[in-house]
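An overview of the molecular structure
One letter stands for each residue in the lines below.
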Amino acid sequence: MASTVIVGAFWGDEGKGKIISYLALNDKLDFCVRTGSVNAAHTVWMEGKRYALHMVPAAFINEKTRLLIAPGANVHVAKFFEEVELTKVNGRIGIDKFSSIIEEKHSLQDRTSAHLKGLGTTGWGVGPALEERARRTAKLAKDIPELKQYVADVTKEINDGIDAGKNVLLEGTQGFMLSLFHGTYPFVTGRDTGASAICSEAGVGPTRVDDVIIVFKAFITRVGTGPLPGEMSKEEARKKGWFETAAGTGRDRRSAPFDFDLARKNARINGATQAALTKLDCIFPECRSVRNFDELPKKAIQFVKEVEEKSKISVTLIGTGPAALDIIDRRK
Ligand code: IMP
Ligand code: MG
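My aim in this report is to walk through the structure given alongside it, one point at a time. (Residues numbered from 1 in each chain as written. Chains lettered and ligands numbered in written order. Predicted model: local features only at pLDDT ≥ 70, side-chain atom pairs only at ≥ 80, totals over all residues. Heavy atoms only, no water.)

Moving on, we come to the overall build of the chain. What the chain contains, in helices and strands, is 10 helices and 16 strands. With respect to the three principal axes, the spread of C-alpha positions in the chain is 55 × 50 × 35 Å. When the 332 residues of the chain are sorted by exposure, 58% land in the buried category. Of the roughly 14200 Å² of accessible surface on the chain, 52% is carried by carbon and sulfur atoms. Each charge class in the chain was averaged separately, 48 positive and 42 negative side chains, and the resulting centres sit 2 Å apart. (Helix = DSSP H or I, 4+ residues; strand = E, 2+ residues; numbered from the N terminus. Buried < 20%, exposed > 50% of the residue type's maximum accessible area, 1.4 Å probe, protein only. Areas by Shrake-Rupley, 256 points an atom, 1.4 Å probe, with all protein chains shown as cover. Lys, Arg positive; Asp, Glu negative; His and termini not counted. Charge placed at Lys NZ, Arg CZ, Asp CG, Glu CD.)

Here it is, written out as structure tokens:
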């Protein structure tokens, strides 16, 4: 698979963690680089246990993958240590020397600043930490004594990896509609969440990426405030079996049906070369754990075809359950 970017298509929580965990195992990832910050939780199931990761890359599930945190990312030091311990990845995880640090004061500012009121932020402090970075007063990973053994030159490692033909995955966080530049401003996060920004945060030039996989979920969810076209009531979502709570904050997720126009628009702007479609089993329960496309019920096949026709992109990976291997891989 060489170098691949994973980007979320909508408002986050599309199932990027699940897709990455599958690629980590199946494509034998050599490197996985996490961007963004602690506000995003990526869910990975391993041996029947659920992990909601805020800092450690979702590819931890493959013991041979080198895990890295991008120079453009924001590191929450306590959460980092907690998850390194939980996932037992000490010895194969590195943080770029220029990654910035999110501190306790940022979380307090997030929850009390007048200018952030009403945006429905996660409260982790990511907005204030990014404000501090733009002011050039942020602490960097290289300045934190506790992180000394983890500090790495991530950009060099991954570009060397790309030169050597290794499999490198750049792990985007959140979704494109939460992008500071392209999303539902001001109800967005504090950074661009698109494919180009993921490359920029990691330090990989646009000519060095082979694939951009945009992750669609079979229905749309959003947490926090801001517009959600086609939003349905919580009761309706419950009836359909679409009701979810956030992996990170536990907040109720709002939901809406799949949006074909938005899928097409975002696949184009992100330069997607393939799409993953997750949670097909939530809208068609008979799909649960199916691993061959031909075994899907007719209406599910029709839905996938409609997604491909209307978004003008091939759906190569289809999620049919929460475990990493609950997937239909049509790349083969
Ligand atoms: P912030 O990123 O915490 O500043 O929150 C800004 C907006 O992005 C709020 O609507 C959050 O709910 C949303 N948001 C931030 N991170 C995630 C995520 O990982 N998944 C879904 N929504 C998120
Ligand atoms: Mg999430």
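Let us keep going from here.
Now for the packing of aromatic side chains. One pair of aromatic rings is described through two measures. These are the centre distance and the angle between the planes. Taken as a whole and judged by the stated rule, the model has 12 aromatic pairs. Look at F10 and F258: their rings are 5.6 Å apart centre to centre, the planes differ by 90°, and that puts the pair in the edge-to-face class. Of this pair, F10 sits in the loop between β1 (3–8) and α1 (16–26) while F258 sits in the loop between β13 (254–257) and α8 (260–269); the two residues are 248 residues apart in sequence, bridging distant segments of the chain. Centre to centre, the rings of F260 and F303 are 6.2 Å apart; their planes meet at 65°, and the pair counts as edge-to-face. Placement of the pair is F260 in helix α8 and F303 in helix α10 (residues 298–311), with a sequence separation of 43 residues. No difference in accessibility class separates F260 from F303, as the two residues are buried. An aromatic cluster is present here, built from F10, F216, F258, F260, F284 and F303 joined pairwise through their rings. (Phe/Tyr/Trp six-rings, centres within 6.5 Å; stacked < 30°, edge-to-face > 60°.)

Applying the stated criterion to the full structure yields 25 salt bridges. Here E157 and R66 are joined by a salt bridge, their closest N and O atoms 2.9 Å apart. Of this pair, E157 sits in helix α5 (residues 154–163) while R66 is found in strand β5 (residues 66–69), placing the two residues 91 residues apart along the sequence. Taking the relative accessible area as the measure of exposure, E157 reaches 21% and is therefore partly exposed. Measuring nitrogen to oxygen at the nearest pair gives 3.2 Å for the salt bridge that ties E103 to K139. Of this pair, E103 sits in the loop between β8 (100–101) and α3 (104–112) while K139 sits in the loop between α4 (126–134) and β9 (151–152), placing them 36 residues apart in sequence. (Salt bridge = Lys/Arg side-chain N within 4 Å of Asp/Glu carboxyl O.)

This brings us to the nonpolar core. Counting 102 residues, the largest nonpolar core has F80, I158, L170, F216, L277 and L280 as the members making the most contacts within it. If near-sequence neighbours (up to four positions away) are discounted, L170 is found in contact with T4, V5, I6, V33, I158, I198, C199, A202 and V204. (Core = buried A, V, L, I, M, F, W, Y, C linked by side-chain atoms within 4.5 Å. Contact = heavy atoms within 4.5 Å.)

What follows is about the sheet that holds strand β11 (residues 211–217). The pairing of strands in a sheet comes from backbone hydrogen bonds and takes either a parallel or an antiparallel form. Reading across the sheet, the 10 strands line up as β9-β7-β5-β2-β10-β1-β11-β14-β15-β16 and stay open at both edges, with mixed pairing between neighbours. Two strands in the sheet have a free side with no partner beyond their single neighbour: β9 and β16 (327–329). With 5 bridges connecting them, β11 and strand β14 (residues 274–278) associate as parallel partners. By the bridge assignment for β14, V215 is matched with A276. Along the sheet, α1 makes contact with β1, β2 (31–34), β10 (168–171), β11, β14, β15 (315–319) and β16, crossing β1 at roughly 160°. Along the sheet, α10 makes contact with β11, β14 and β15, crossing β15 at roughly 140°. (Pairing = 2+ DSSP bridges. Axes fitted to C-alpha atoms, helices over the stretch in contact; angles between N-to-C directions.)

Another aspect to go through is the pairing of strand β4 (residues 49–53). By the bridge criterion, 5 bridges tie strand β3 (residues 42–46) to β4 in an arrangement that is antiparallel. Residue pairing for β4: W45 is matched across the bridge by R50. Connecting β3 to the antiparallel partner β4 that follows it, the hairpin turn spans 2 residues, and E47 within it adopts a positive phi of roughly 45°.

Attention now goes to the coordination of the magnesium ion (ligand 2). Each protein donor to the magnesium ion (ligand 2) is listed here as D13 (OD) and A41 (O); together their distances run 2.1 to 2.4 Å. Of this pair, D13 sits in the loop between β1 and α1 while A41 is found in the loop between β2 and β3, placing the two residues 28 residues apart along the sequence. (Donors = N, O, S within 2.8 Å, 3.2 Å for Na, K, Ca; no water.)

Two elements in contact, α8 and α10, have axes separated by 8 Å at closest approach and are oriented at 50°. In terms of their interaxial angle, α8 and α10 are classed as oblique. As for the relative orientation of α8 and α10, their crossing is right-handed in sense. Across the interface between the two elements, F260, A263, R264 and A267 from α8 touch F303, E306, V307, K310 and S311 from α10. The class makeup of the residues in the contact of α8 with α10 is 5 nonpolar, 1 polar and 3 charged. (Parallel < 35°, antiparallel > 145°, perpendicular 65-115°, else oblique. Left-handed = near helix turned anticlockwise from the far one by under 90°. Nonpolar A, V, L, I, M, F, W, Y, C, P; charged D, E, K, R; others polar.)

The next subject is the side chain of D96. Structurally, D96 is set in strand β7 (residues 93–96). Apart from the residues lying within four places of it in its own chain, the contact partners of D96 are I69, A70, P71, A141, A152, D153, V154 and T155.

Of all 8 residues making up helix α6 (residues 195–202), 6 are buried, and the element is well covered by its neighbours. Within the span of α6, buried status applies to A195, A197, I198, C199, E201 and A202. For α6, the elements touching its buried residues are β1, β2, α5, β10 and β11. Looking one or two residues past α6, G203 carries a phi angle of roughly 90°, positive in sign.

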